[in-house]
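# Topology and contacts: notes
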Amino acid sequence: LRPKTGRQHQIRLHLTHIGFPVLCDRLYGHRGKISELELLPRDKMPHDTEMQSELANRSVLGRQALHAHRLTIAHPVTGERLQFEAALPEDINRTLVTLRKWRTT
C-alpha cells in the first residue's frame, strides 16, 4: 500500500472497507491476536483434540500486522528528502512462516 497522507487509520479503514482488515486489528478486524490453529486450512486440521488445544494456545501474532518497510518524508526545515527503511519484525515474519507452512497451493 502507498498512502498519500499520514491520516490516522487510513490504511486500516480502507482495507476493512474492501473486506481485508489488517490481521489482529482490534478496532477494525475485531480481534487482537491469532493462534496457529486459526491459520490452519480445514483439510489440515488435526483430529486430535490435544493437538488442537496446543495449536490454539500457540499465539502467532498479538498485534496489528502492519509494518512500514520504507518511509520517505521531507525534512521539516531543510526540505531534504529523507528515507528510512526497517526490516520486517520477527513476530510478523513468524506469522508469514506459519502461513507458508500450512499453505495448500
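In this report, the structure presented in the accompanying data block is examined. (Residues numbered from 1 in each chain as written. Predicted model: local features only at pLDDT ≥ 70, side-chain atom pairs only at ≥ 80, totals over all residues. Heavy atoms only, no water.)

### With respect to the overall build of the protein chain
What counts here: A run of DSSP states H or I qualifies as a helix once it reaches four residues; a run of E qualifies as a strand once it reaches two. Both are numbered from the N-terminal end. C-alpha atoms define the radius of gyration, and 2.2 Å times the number of residues to the power 0.38 defines the globule rule. Think of it in three bands: with a 1.4 Å probe and only protein chains considered, a residue is buried below 20% of the maximum accessible area for its type, exposed above 50%, and partly exposed in between. Note on contacts: a residue pair qualifies if any of its non-hydrogen atoms lie within 4.5 Å across the two residues. Note that accessible areas follow from Shrake-Rupley with a 1.4 Å probe, and for residues the cover is restricted to the protein chains shown. When charges are counted, neither His nor the chain ends are considered; positive counts come from Lys and Arg and negative counts from Asp and Glu. Positions of charges follow a simple convention, taking NZ of Lys, CZ of Arg, CG of Asp or CD of Glu.
Tallying secondary structure elements over the protein chain gives four helices and four strands in all. Listed by position from the N terminus, the elements making up the protein chain come as α-β-α-α-β-β-β-α. Taking 105 residues into account, the globule formula puts the C-alpha radius of gyration at 13 Å, and the protein chain, at 18 Å, lies well above it. For the protein chain, the proportion of its 105 residues judged to be buried stands at 23%. Taking contacts inside the protein chain between residues at least 6 apart in sequence as the whole, the part at least 24 apart equals 46%. Total accessible area on the protein chain is roughly 8,300 Å²; 54% of this is exposed by carbon and sulfur atoms. In the protein chain, 17 positive and 11 negative side-chain charges are present, and the distance between their average locations comes to 8 Å.

### Things to note about the pattern of salt bridges
Quick note on the threshold: Salt bridge, as used here: a side-chain nitrogen of Lys or Arg that lies within 4 Å of a carboxyl oxygen of Asp or Glu.
This structure, assessed with the given rule, holds seven salt bridges. A salt bridge links Lys101 to Glu36, with the shortest nitrogen-to-oxygen separation between them at 3.1 Å. Within this pair, whereas Lys101 is found in helix α4 (residues 90-102), its partner Glu36 is found in helix α2 (residues 36-39), the two being separated by 65 residues in sequence. Among the residues examined, Lys101 registers a relative accessible area of 52% and is labelled exposed. Residues Glu85 and Arg70 are paired through a salt bridge, measuring 3.0 Å at the closest nitrogen-oxygen approach. With Glu85 in strand β4 (residues 81-85) and Arg70 in strand β3 (residues 70-74), this pair connects stretches of sequence that are 15 residues apart.

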